[in-house]
Every structure is written in C-alpha cells, then in structure tokens.
Amino acid sequence: MQIDRIQYDGIGHRPNVARHPAPRNRSLFTLPAMDTSSPSAYDDVRTASRALATEAVHAGRDDLARQGLHAPPIDLSTTYPSYDSRAEAARIDAFATDGADPVGPPVYGRLGNPTVARFETALARLEGTGSVVAFASGMAALSAVLLARSAMGLRHVVAVRPLYGCSDHLLTAGLLGTEVTWTDPAGIADALRPDTGLVMVESPANPTLAELDLRAIAHACGSVPLLADNTFATPVLQRPAEQGARLVLHSATKYLGGHGDVLAGVVACDEEFAGRLRQIRFATGGVLHPLAGYLLLRGLSTLPVRVRAASANAAELARRLAADPRVARVRYPRLGGAMIAFEVHGDPHEVISRVRLVTPAVSLGSVDTLIQHPASISHRIVDAEDRRGAGVSDRLLRLSVGLEDVDDLWSDLDQALGAPRERRVTPLREAVR
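Residues numbered from 1 in each chain as written. Predicted model: local features only at pLDDT ≥ 70, side-chain atom pairs only at ≥ 80, totals over all residues. Heavy atoms only, no water.

### Topic: the sheet that holds strand β9 (residues 265-269)
Here's step 1: Across the sheet, 7 strands lie side by side as β3-β9-β8-β7-β6-β4-β5; this open sheet has mixed pairing. Since the sheet does not close on itself, it has two edges, and those belong to β3 (131-135) and β5 (179-182), each with one partner. Between one strand axis and the next, the sheet turns by 20° as a mean value, whatever way the strands run.
Here's step 2: In this sheet, strand β7 (residues 226-229) lies alongside strand β6 (residues 196-202) in parallel orientation, the contact comprising 4 bridges. In the strand pairing of β7, Val 201 is matched with Ala 228. (Pairing = 2+ DSSP bridges. Helix = DSSP H or I, 4+ residues; strand = E, 2+ residues; numbered from the N terminus. Axes fitted to C-alpha atoms, helices over the stretch in contact; angles between N-to-C directions.)

Structure below.
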C-alpha cells in the first residue's frame, strides 16, 4: 500500500503527486529540515542556543532556582501596591507611548501579569521571535492583530482559504471594519493594495491539512506582514518566523495547552508590534487569566513529547485509513503532526455517532483523541459554497489524534466506520503523506 504526498509547486495550489511507500514503523514521523531516519534526530531540533526539548522545559523558568523555587508561582493578583504615584504615572505614560512592558513591579492585571509573562517568554523562545503577547482566546488574538493594523489605516486583508471557520467569518463579515480579498497563494502579490495591512494563511490548514510554501508566500507579500496560523504544527514541527512570517498565531487552547482545560490565544512577533498588541489588549480587556498562563507554561514543558507521540499515532492511523475501502480520501501533512482529515463513502454523521473511545467534540490538540464533522461545526459559519470550494466537503471528518494506544484507537474507528465495503479495483486516495 502506498500513500500519496501532495507536493505544492511554488506557492500555487495545483499539486504534483509523488509516490512514496507508506510508513511501516509507527514510531517514526517527520520534522522539517531534519533527517528523521535516526531516532535521535528529534533531539537535534534547536532554538538559537539550546535544543527545543530543553527550551520547552526551561524557558520562562530560568530564574526559579535562584529564588529557591522549583515550580513557577501563580500570581493571581489583579492589582499591586504602589507608594510612589509619580513613578507609577511615568510608567503608565511610557506604556501608552510604545506598549513596552512596564519596568519594575506590576501595576494592574489588565496591563500585565508575571505568570502570563513567563509563558510569553517561553513561547517566544520556542517560536524564535522577539516577543509573544497572550490573549484570552485565539480569536481575541486575531482580533487584536486586525485592530492594530486598522488603527494604522490598513484595513484590507488578503487571505487564503481554508482558515479556521471563525477566522474566515471574522474576515468575511467585516465585524472589525476590515475588508478581505480571498485568493490562492499564486494570486497574493496581485491582490495587494496600498491599504493592505495583512496577509493571512494557515498551514497546515484547518481542516483540510493543506500545506503552503510559507517562504514563497512571505516573499510575495513584500513589505506587508504575513500572519501564519501555526496552531496545527506548533513550533515543534514548524517555525513560520524562520520562513519569513512576521506574525505567528496560535490558538493556545489546542496543542500548547494540550489537555483541553485552558482557553487562550497568542501572537508571536517582534517587540515593536508586540507593543501595539499590548496596548490593544489593555484597552479591550482581552487578557489571559494567570491560572491559564500557568497551565500553558506547564503544557509547553511536555509539548515536544506530546507532539512526537501523537504524530506517531496519527501517521499509523493515516496509513490504515488510506488502505481501508470504506474511506474515500485521506489527508495527512508532509511535515507530520497529529491531525488527520479523511472523507468516507458512507454517512459521516453515522461515524460520529458510533465512536466510543474517540470523543466526538470540537477543538483539538488534547491528550485524548477527538473527532468532528467540520461542515457541521467548526466551519458551519462559512458559506457552503466557499466551504466546499476550499476543500471542506460534506463527507470530510477531522481527527485530532491523542496519546492512546494506536491499536485501541483503530479498533474504535474500525467499528465506527461500519460494515466493510467491497474493495474497489481503483480506490480513490489522495493523502498528504
């Protein structure tokens, strides 16, 4: 059995399909720009100074031992005492000027929080950016980016489908006064206007897992910032800033938190733009709760291990699904990861209703496996014609693979897919791995 990888030519959508043997060892998965033939190759992924696995554990915590602490403290204060009101006024004035973190003790919870700051510092190290600004949700983070650009008179956005359904809706509906031009990657340069403030893409995309050449797209953007949603890949598999993206978006609710118990969003960027985002966060109140910041920092420490294990499970399930005659099409990214998209010949709603170990639920990136029907839930808010045009068919199911035993997961999917179909002579397969 072989699984097709779709290789994109430049920044266009039309694929050249190359044949590759299906993976036989379910413990292997692919990391970008690495030789993964060795089990130790994963450990060679490095940030600027330390291996990614080391940064995931220690970034944002480097000062703890000197304070006689092991676990990061949780600062739940909403306000902080200050006996020098003149100095406090000067610090607030400085923040109003450039949005830089105030020097000295904290002032107010809406201005910043020490626990959240630890998480922001750690993720910036993992993504390779100067700063990270955390928000109450992924949509709050995206809204802040749009507001920051609109405040500069740059209300036009160029975007490539598919995006997460609510991101699509926010742009299409113009809820924040923005105007969007939808295009394919090859049309980005022609779609730019003098008032274009942003180009937005998602790769691998939600929910089709389509992958884009971020470096080529960043080149096509010219001086316009490229915002890349990196929620599915995480910095373990891909760091868009290294490929030219100036803004990196995460729904931190997903893999960064990793346990389905925290709601958050982040933007990784340079310090100048981070200052603007902090000002908007302060003005609009879309702040991240300190307990969420603590949970996210804890989640980062196991992120590489979780992504590695879940990716191994996903690669094996993608192989089995691609060989199953009840499945019409499987999509799995070339760079690996824990997400699978597949279309069934039968009724996808019946598959959803029959799972027992797998949880039918929205969201993704948790330690347990989740399945959902995008056309009914995550992308229901997108116009049906636009949705199908982006590859989100009515038979598509999205599987977020967790850390369970892969044979137990397959047993549940096998029974949920229903009675076996007669094997076709020429099965329709088009997986991305």
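### Details of a nonpolar patch on the surface
Here's step 1: A cluster of nonpolar side chains, contributed by Ile 74, Leu 76 and Leu 291, occupies part of the molecular surface with about 260 Å² of accessible area.
Here's step 2: On the basis of relative accessible area, Leu 291 is assigned to the partly exposed category, the value being 40%. (Patch = residues over 30% accessible without salt bridge, like charges linked within 9 Å, V, L, I, M, F, W, Y side chains within 5 Å. Areas by Shrake-Rupley, 256 points an atom, 1.4 Å probe, with all protein chains shown as cover. Salt bridge = Lys/Arg side-chain N within 4 Å of Asp/Glu carboxyl O. Buried < 20%, exposed > 50% of the residue type's maximum accessible area, 1.4 Å probe, protein only.)

### Structural notes on the sheet that holds strand β11 (residues 339-344)
Here's step 1: Across the sheet, which stays open at both edges, the 5 strands sit in the order β10-β11-β14-β13-β12 with mixed pairing between neighbours. Strands with a single pairing partner mark the edges of an open sheet, and in this sheet they are β10 (327-331) and β12 (359-360).
Here's step 2: Sheet topology note: the strand β13 (residues 370-372)/strand β14 (residues 396-400) ladder contains 3 bridges and is antiparallel. If you follow Leu 370 over to β14, its bridge partner there is Ser 400.
Here's step 3: Helix-sheet contacts for helix α10 (residues 290-322) involve β10, β11 and β14, and the interaxial angle to β11 is about 15°. (Contact = heavy atoms within 4.5 Å.)

### Some details on the environment of Gly 104
Here's step 1: With respect to the helices and strands, the residue Gly 104 is situated in the loop between α2 (85-98) and α3 (114-127).
Here's step 2: For the pair formed by Gly 104 and Ala 87, sequence separation is 17 residues and the distance between their alpha carbons is 9.9 Å.

### A closer look at the pattern of salt bridges
Here's step 1: Taken as a whole and judged by the stated rule, the model has 21 salt bridges.
Here's step 2: Between Glu 55 and Arg 125 there is a salt bridge, with its nearest N and O atoms 2.4 Å apart. Of this pair, Glu 55 sits in helix α1 (residues 52-58) while Arg 125 sits in helix α3, placing them 70 residues apart in sequence.
Here's step 3: For Arg 125, a relative accessible area of 33% puts it in the partly exposed group.
Here's step 4: Where Asp 168 meets Arg 161, a salt bridge forms, and the shortest distance between an N and an O atom there is 2.7 Å.
Here's step 5: You can call Asp 168 buried: its relative accessible area is 4%.
Here's step 6: Connected through salt bridges with shared partners, the residues Arg 50, Glu 55, Asp 62 and Arg 125 form a single ionic network.

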